[in-house]
Amino acid sequence: MSKYPKINYIGNKNKLTDWIVNNFPYKKGTVLDLFCGGCSVSYALKEKGYKVFSNDALYSNYVLAKSIIENNNVFLESKDFEIEVSKKETLNKYKEIKFLENRLYFPYEVEELANLVCKSEKLQDYKKYLFLSLIRRAMIRKIPYSRMNVPWNQIVKLRDEDYSYEKYKRRRAYHNLPFIDHINDNLSNYNNAVFNNGKENQAFNRDAFKMIEKLDENVDIIYMDPPYPATMNKYGDFYGLYDSIFKRKINYINFSENNKFLENLEKLIIKCLYKTKYIVISENNKTKPSIDEISSMLSKYGKVEIKEKKHQYKVTNKENKNETIEVLIILQVKENK
Ligand SMILES: C[S@@+](CC[C@H](N)C(=O)[O-])C[C@H]1O[C@@H](n2cnc3c(N)ncnc32)[C@H](O)[C@@H]1O
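Residues numbered from 1 in each chain as written. Predicted model: local features only at pLDDT ≥ 70, side-chain atom pairs only at ≥ 80, totals over all residues.

## Things to note about the pairing of strand β7 (residues 324–333)
Alright, step 1. By the bridge criterion, seven bridges tie strand β5 (residues 276–284) to β7 in an arrangement that is antiparallel. Note on β7: the bridge partner recorded for E283 is V327.
Alright, step 2. Bridge count between strand β6 (residues 302–311) and β7: ten bridges; the pairing is antiparallel. Considered in β7, the bridge of K310 is made with I325. (Pairing = 2+ DSSP bridges. Helix = DSSP H or I, 4+ residues; strand = E, 2+ residues; numbered from the N terminus.)

## Digging into the site of the ligand
Alright, step 1. Around the ligand lies a shell of 23 residues, among which F35, G37, G38, A57 and A208 are the nearest.
Alright, step 2. Per-class residue counts for the shell around the ligand are 13 nonpolar, six polar and four charged. (Near = placed C-beta within 6 Å. Nonpolar A, V, L, I, M, F, W, Y, C, P; charged D, E, K, R; others polar.)

## Section: helix α6 (residues 125–141)
Along an α-helix, residues three or four apart share an orientation, since each turn contains 3.6 residues.
Alright, step 1. When the terminal C-alpha atoms of α6 are compared, their 25 Å separation across 17 residues agrees well with the 24 Å that a helix rising 1.5 Å per residue should span.
Alright, step 2. Across the 17 residues that make up α6, a large majority, 14, are buried. (Expected span 1.5 Å × (residues − 1). Buried ≥ 20, exposed ≤ 12 C-beta atoms within 10 Å, placed from the backbone.)

## A word on the nonpolar core
Alright, step 1. Counting 86 residues, the largest nonpolar core has I222, Y223 and I279 as the members making the most contacts within it.
Alright, step 2. In terms of residues, this core owes the most to one element, α6, which gives nine residues.
Alright, step 3. Setting aside chain neighbours within four positions, we find Y223 in contact with V31, L32, D33, L34, V41 and V280. (Core = buried A, V, L, I, M, F, W, Y, C linked by C-beta atoms within 7 Å. Contact = placed C-beta atoms within 7 Å.)

## Here we look at the sheet that holds strand β1 (residues 30–33)
Alright, step 1. Pairing in this open sheet of seven strands is mixed, and the strands run β3-β2-β1-β4-β5-β7-β6 from one edge to the other. Because the sheet does not close on itself, it has two edges, and the strands there are β3 (202–204) and β6. Going from strand to strand, the sheet's axes swing by 15° on average, the running direction of each strand aside.
Alright, step 2. Running over the sheet, helix α13 (residues 291–298) touches β5, β6 and β7 and is turned about 5° from β7. (Axes fitted to C-alpha atoms, helices over the stretch in contact; angles between N-to-C directions.)

## Notes on the environment of I20
Alright, step 1. Within the secondary structure, I20 is located in helix α1 (residues 17–22).
Alright, step 2. A C-alpha to C-alpha distance of 20 Å links I20 and Q202, two positions 182 residues apart in sequence.
Alright, step 3. Ignoring anything within four residues of it in the chain, the contact list for I20 reads K13, V41, S282 and L328.

## Some points on unusual backbone geometry
For residues other than glycine, phi is negative in most cases, and the peptide bonds are mostly trans.
Alright, step 1. Each neighbour pair has its own omega, and for K288 with P289 the value is -5°, a cis peptide bond.
Alright, step 2. Within the element layout of this structure, P289 appears in the loop between β5 and α13.
Alright, step 3. The phi dihedral of Y145 is positive, around 65°, even though this residue is not glycine.
Alright, step 4. A positive phi angle, close to 50°, is found at K247, a residue other than glycine.
Alright, step 5. Position of K247 relative to the elements: it lies in the loop between α11 (235–245) and α12 (261–272).

As structure tokens, then:
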């Protein structure tokens, strides 16, 4: 049976996908997951038989959506990436991605990564995207805290297995394994995530506004899980260096900037009105703007319904336990817009 793979995405909805999807106003149809991130909601929608469009501004998320949402039947075998890459090709790529040196990885590791990137360029279609997803996975596994904006001196410290053991009682030896070991370790896990739900699902790598403008067929539901202000929301910093390796950085609206969230969200909602029957937004009672503020803005455009569920996010501070209420704000768009 197919299974959502190990992705490790900050702010993911992995543990909430059943609840989210079960509260959708339609049990079938087309859903656009506009801020798909690690694709956990897209994947659950695909499993339930919806036709899924997955979009995210980051290329590192697009490669995931290509591999496990759009891809219905292509698998990757280790012989697929036993491709010859010349020393010269690797060296040229190494020069291109040298900016990672002593920033995310040690020089000999950047060289290995350069070789793998060259291999990815020789693969075709979904095999290529599966391999790119595995490169992403390997890159994340090798970085302490699984994000790319940890300062280099911290990375060096935490990758010292003796230090890590002394301080945290964990050696974290996996940070020091070669990329290829992580790729091989995760290969079957990613292949197991590939399945066919009989629909033509599609992946997109666009700014949310552009995505709506360019959407050429209307959908039944647009699902939004945007980066909220004052949360762990710096996705460009967490994963953007991956996009830089492949020169696939795009410009996109920063939702969480300068208290403009509500204004940006309203602009986006207005664009969506002509393209969908429902808009479903994920939020929780800890984020700003508040659920009331978002609901009252939305109520200008149709009927609003709220669903709530107590949820325990992974927290280190014990007092915070059980305090979060996860919310779905569901807008049924007015007929006469
Ligand atoms: C909270 S995360 C989504 C998590 C996702 N639901 C999951 O379960 O993994 C928000 C996502 O919005 C993306 N994003 C931020 N600004 C965007 C924009 N203007 N257009 C498209 N995507 C954007 C980020 O790259 C990030 O992946």
